[in-house]
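Below are the chains, spelled out letter by letter.
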Amino acid sequence: MKIRVGIDAMAVAVPRRYIDIEDLARARGVEPAKYTQGLGAREMAVAEPGEDTVSLAAEAARRALAAAQLPNSQLGLLVVGTETGVDHSKPVASYVHGLLDLPRSMRVYDTQHACYGGTAGLMTALEWIASGASGGKSALVVCADIARYGIATAGEPTQGAGAVAMVIGRNPAMLEVDIGVSGTSSTHVHDFWRPLGMREAQVDGHYSVQCYLDALAGAYRAWKTRALERDVIHGGGIASEQLARICYHVPFCKMAKKAHLHVRKCDLEDAQRPWDAAAEEKHGAASFAEQVEPSLVACARVGNVYTGSLYLSLAGLLESQSYALAGRRIGLFSYGSGCTSEFFSGVVGPRAHERVAAAPIAEVLAGRERITVPEYERIMGLTAPLDALPRPGGFRFTGVTEHRRQYSRA
Ligand code: HMG
């Protein structure tokens, strides 16, 4: 009998402060339309040192477990995907495990490959459950990161921070993943990296966009081959149009548009359709508006969350369209610089709206405070936590005692 596995609950945590992207543009002497239209950004999350990767991950995980109404004793695996961990050895997952008082009888570890780290954790969890190895237990997968490029760099308006936690289990309420129907593509490239000891990422920005698109073409075509073999899609026409929506990794929102047009280009080439630039400009724009744009609302208000960006896009999509999408198949593309990537798919569950209502993103975003660019610049330079209190129930990094990181809960 087929085991149905996927995402049963999701929740998001973001820093309590953000800047308006137009304020940042004006402060940098840049035409605001470059950031709003050119990159597709609206707001950018600003994490102070008290809101580190651990506290964001723990907060998202706490909310996801509450939404799933799952007893902790049902968990057998905790994986945190992150590229902005807090220790060379002790994983973020270990802190989250302790802060949430999760059972001893669990596997607990981090996964890292730039923005793909969370997907690595998700795939492990899905396949662990689908194989039967989990013994009926569920998994908690958390994607948490703080994206930093530095003040006045080209990457600055694409910074962000946050965490997305997912409870993975059988008979999932939110998204049943097509297990075994995925395509991967990896190449050794230096598009984006962060040498040991550096807080800010190094990036070859325009090259990274090309690396993303090349990986997408490889992963999407590999997914398509598997999907056709398994009758997940049928042949002929523009294959991607058989997906009700596609969520992409979103380093900045315009990247998702570039990605979607590239997928359509692959489809047109594969179908050996003659290239009609004017027609495709019209069809591509309409297809982007329907298939992708609804997933970008939350991403535009948070910025890049590295490992969490694809899942913020998914959570945002389900928050706005879970009723309309129930029973329909969507595509997902995960990209991690360096690089590795995966295109996969799944069917939205009929009870997704219940889970959305239990952990709404709108509530999380509404609880934030807008700060000025000078305040953001001051926070970027801080190494010690601010005194501000976290949200009720929230976690917070308070400092280091004898080389041990300390956390409090409000
Ligand atoms: P830039 O060079 O400053 O910007 O940096 P630009 O000159 O390329 O302009 C950007 C867009 O704005 C262009 O649109 C301009 O035309 C437009 P496009 O041609 O791309 O469609 N523009 C305007 N539009 C309206 N009104 C105006 C105006 N002026 C210009 N007045 C860059 C852009 C993305 C390179 C930079 O922000 C950057 O380096 N970002 C970080 C790297 C990144 O996000 N890469 C994405 C792919 S790699 C990835 O996704 C992995 C990652 O998440 C990390 C991981 O895996 O861990 C980053």
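Residues numbered from 1 in each chain as written. Predicted model: local features only at pLDDT ≥ 70, side-chain atom pairs only at ≥ 80, totals over all residues. Heavy atoms only, no water.

Observations concerning the overall build of the protein
Here is step 1: Looking only at helices and strands, one finds 13 helices and 16 strands in the protein.
Here is step 2: In terms of C-alpha radius of gyration, the protein reaches 20 Å, essentially the compact-globule figure of 22 Å for 410 residues.
Here is step 3: Taken over the C-alpha atoms alone, the protein extends approximately 65 × 55 × 40 Å along its principal axes.
Here is step 4: The buried share of the protein, taken over its 410 residues, is 58%.
Here is step 5: When contacts within the protein are restricted to residue pairs at least 6 apart in sequence, long-range pairs at least 24 apart make up 76% of them.
Here is step 6: Total accessible area computed for the protein in this model is approximately 16,700 Å², and 50% of it derives from carbon and sulfur atoms. (Helix = DSSP H or I, 4+ residues; strand = E, 2+ residues; numbered from the N terminus. Rg over C-alpha atoms; globule rule 2.2 N^0.38 Å. Buried < 20%, exposed > 50% of the residue type's maximum accessible area, 1.4 Å probe, protein only. Contact = heavy atoms within 4.5 Å. Areas by Shrake-Rupley, 256 points an atom, 1.4 Å probe, with all protein chains shown as cover.)

Remarks on the sheet that holds strand S1 (residues 5-13)
Here is step 1: Spatially, S5-S4-S6-S7-S1-S8-S13-S12-S11 is the arrangement adopted by the nine strands of the open sheet, whose pairing is mixed. What marks the edges here is a single partner per strand, and that holds for strand S5 (107-111) and strand S11 (245-248). Across the sheet, the axes of successive neighbouring strands diverge by a mean angle of 25°, strand direction being ignored.
Here is step 2: With eight bridges connecting them, S1 and strand S7 (residues 160-170) associate as antiparallel partners. By the bridge assignment for S7, Val-5 is matched with Arg-170.
Here is step 3: Those strands touched by helix H6 (residues 205-229) are strand S8 (175-186), S11, strand S12 (329-336) and strand S13 (340-348), and its axis lies near 125° from that of S8. (Pairing = 2+ DSSP bridges. Axes fitted to C-alpha atoms, helices over the stretch in contact; angles between N-to-C directions.)

Thoughts on the site of the ligand
Here is step 1: Within the structure, the ligand sits among 27 residues, and Lys-34, Glu-83, Cys-115, His-206 and Lys-258 are positioned closest to it.
Here is step 2: A distance of 2.4 Å is found between an oxygen atom of the ligand and a side-chain nitrogen or oxygen belonging to Glu-83.
Here is step 3: One of the backbone N or O atoms of Ser-337 is found 2.9 Å from an oxygen atom in the ligand.
Here is step 4: Computed on the free molecule, the ligand has an accessible area of 1,100 Å², of which 75% lies beneath the protein chains in the complex. (Near = heavy atom within 4 Å. Polar contact = N/O pair within 3.5 Å; in protein donor to acceptor, adjacent residues only side chain to side chain.)

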